[in-house]
Each structure stands twice: as structure tokens, then as C-alpha cells.
Amino acid sequence: MARTEAGGYRERLLAGAMACLQEKGYARTTARDLVAASGTNLASIGYHFGSKDALLHEAIAGFFDRWIARVERSMFDTEARSPREMLERAMMELVDVFEELRPQLTVFVEAYPAALREAALREKLADSYARCRQVGADMVRRAVAQLGVELPTAPEVIVSVLVAITDGLLLQWLLDPAATPDARQVVDALAALSVLFA
């Protein structure tokens, strides 16, 4: 397992935790693995995070936060001409990145079964989803203000549905990438549904 040397102990521990999670998985990562991967010591885990599990939870949540920030950059770095273009940009960063993010997404999916039994991890993932909904809703409000459109439903509901679509596609993609639609196909399908049920 490669060691992570750059940055302070906290940053090194988080980077080491993500490396361990990707290589060994949530259940099989030990405190000694984390120390070896980060080039730190056992005491630093307790000092910075309180426990090995808290460190792993923080590493998973950090990935979630970086992914949300990536979507936001894609949506607003340049001006979009239409709501559809804005949605396509978001979906490209949510769906068309699966191959690039495969190791981290595998960790994310592996965390779900553990979260069903571990209250602390379940709360951490729930907090990550809550932040995603809030930040996503803020992005939707910003987008509709820029584009001069009105929404027929609350931004939080829209974001929850887009997250559900992304999570579902992620699971499909991990099992059968070739059969999973890409971002443009997802937007086409949503447009078709809006016509059918308008």
C-alpha cells in the first residue's frame, strides 16, 4: 500500500483512509493499515478523529463533498444558454464520471451495508445527503435565477429525485456499464417523461 506523505497529519490520514478504503474496503481496513498508508501513528488517529471508524466516515463524507463541488463548478463555470444545458452539465458530472470515480464509488456503495448496522456511519451518510440536498437546492435556485425560469416544485425535491436517479444508475453501472444510459440519454428520458405527464 502506497504511503501518503504530503500535508499535515489530518490530511495525510484522510488521504490514507481513502486509499485503504479503495484497496481493502470498509470492513477490512485496520488502524494499522491507516497508519501505514498515511505515514502517521496510531495516536494521531485518536487525536484528529477520535477513532478509526470516525476517520473512515470522514473520508467517505469528504469524497461526497468533493463530488458535489465538482458538479457546481461544471454548472456555473461558464454561462448556460438553457435549463436543459444546465441539467446536462450537472448530469455529466453525476453520471459520465462513473468510470473515472469507480474506486471511490465502490467505497461509497460498500459503506451502505455497514451504515445499516452502524449508527455513526448512517448519521454521517445522512448528513452527507442532507448537505447534498441543500447545496443542490441552492444550485437549482441559482440556475433558475440566471435562466429566468420558474420551478413547479421545490428545489429540494428536484435534487432528491436527481440524487435517486444518480444512485440508481451508479448501481446499474457497477453491474453492467454497457447497459447504463449516459447523461445525455438521462436528460432525454426526463424530457420524454415531462412530455408524457405534462
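Residues numbered from 1 in each chain as written. Predicted model: local features only at pLDDT ≥ 70, side-chain atom pairs only at ≥ 80, totals over all residues. Heavy atoms only, no water.

(A) View of the overall build of the protein chain. Looking only at helices and strands, the protein chain has nine helices and zero strands in total. Principal-axis analysis of the C-alpha atoms places the extent of the protein chain at approximately 60 × 35 × 30 Å. The burial tally for the protein chain puts 39% of its 198 residues in the buried class. If you take every contact in the protein chain between residues at least 6 apart in sequence, the share linking residues at least 24 apart comes to 66%. A total of about 10700 Å² of accessible surface is found on the protein chain, and carbon and sulfur atoms cover 57% of it. Side-chain charges in the protein chain split into 22 positive and 27 negative, and the spacing between the mean points of these groups amounts to 5 Å. (Helix = DSSP H or I, 4+ residues; strand = E, 2+ residues; numbered from the N terminus. Buried < 20%, exposed > 50% of the residue type's maximum accessible area, 1.4 Å probe, protein only. Contact = heavy atoms within 4.5 Å. Areas by Shrake-Rupley, 256 points an atom, 1.4 Å probe, with all protein chains shown as cover. Lys, Arg positive; Asp, Glu negative; His and termini not counted. Charge placed at Lys NZ, Arg CZ, Asp CG, Glu CD.)

(B) Representation of the confidence of the model for the protein chain within the structure. For the protein chain, the average pLDDT comes to 91, and 96% of its residues sit at 70 or higher. At the low end of the mean pLDDT range in the protein chain sits helix α6 (residues 102–117), at 90; at the high end sits helix α8 (residues 155–175), at 96. (pLDDT = per-residue confidence, 0-100.)

(C) Examining a nonpolar patch on the surface more closely. On the surface, a cluster of nonpolar side chains totalling about 380 Å² of accessible area is made up of Leu 193, Leu 196 and Phe 197. Here Leu 196 shows up in helix α9 (residues 183–196). (Patch = residues over 30% accessible without salt bridge, like charges linked within 9 Å, V, L, I, M, F, W, Y side chains within 5 Å. Salt bridge = Lys/Arg side-chain N within 4 Å of Asp/Glu carboxyl O.)

(D) Expanded view of the layout of surface pockets. Of the pockets and cavities examined, the largest pocket occupies roughly 1100 Å³. If you trace the largest pocket, you find 38 residues lining it, with Leu 87, Val 140, Ile 158, Leu 162 and Leu 190 closest to the centre. Looking at the lining of the largest pocket residue by residue, the class counts come to 31 nonpolar, four polar and three charged. (1 Å grid on protein atoms, 1.4 Å probe; cavity = no way out; pocket = protein on both sides within 12 Å on 5 of 7 lines; lining within 4 Å. Points joined across faces, edges and corners; volume = space filled by probe spheres on them. Nonpolar A, V, L, I, M, F, W, Y, C, P; charged D, E, K, R; others polar.)

(E) A look at the packing of aromatic side chains. Counted by the stated rule, this structure contains six aromatic pairs. With 5.2 Å between their ring centres and 75 degrees between their planes, Phe 64 and Tyr 129 make a pair best called edge-to-face. One end of the pair, Phe 64, is in helix α4 (residues 52–76); the other, Tyr 129, is in helix α7 (residues 119–147), with 65 residues separating them in the sequence. This pair shows no difference in class: Phe 64 is buried, exactly as Tyr 129 is. (Phe/Tyr/Trp six-rings, centres within 6.5 Å; stacked < 30°, edge-to-face > 60°.)

(F) Representation of α8 in the model. End to end, α8 covers 31 Å across 21 residues, agreeing with the expected 30 Å (1.5 Å per residue, within 8%). At its buried positions, α8 is contacted by α4, α5 (83–94), α6, α7 and α9. (Expected span 1.5 Å × (residues − 1).)

(G) Seen up close, the pattern of salt bridges. This model, assessed by the stated rule, comprises 15 salt bridges. Ionic pairing is found between Arg 84 and Glu 88, a salt bridge with its closest N-O pair at 3.0 Å. With Arg 84 and Glu 88 both in helix α5, this residue pair falls four residues apart, about one helical turn. On the basis of relative accessibility, which here comes to 34%, the residue Arg 84 falls in the partly exposed class.

(H) Structural view of helix α2 (residues 31–38). Asp 33, Leu 34, Val 35, Ala 37 and Ser 38 are the residues of α2 that are buried. Taken together, the buried residues of α2 touch α1 (9–24), α3 (42–49) and α4. Note on α2: the residue one or two positions beyond its end, Gly 39, has a positive phi of about 70 degrees.

(I) Region of interest: the environment of Thr 153. Structurally, Thr 153 can be placed in the loop between α7 and α8. Here the alpha-carbon distance between Thr 153 and Leu 190, two residues 37 residues apart in the chain, equals 15 Å.

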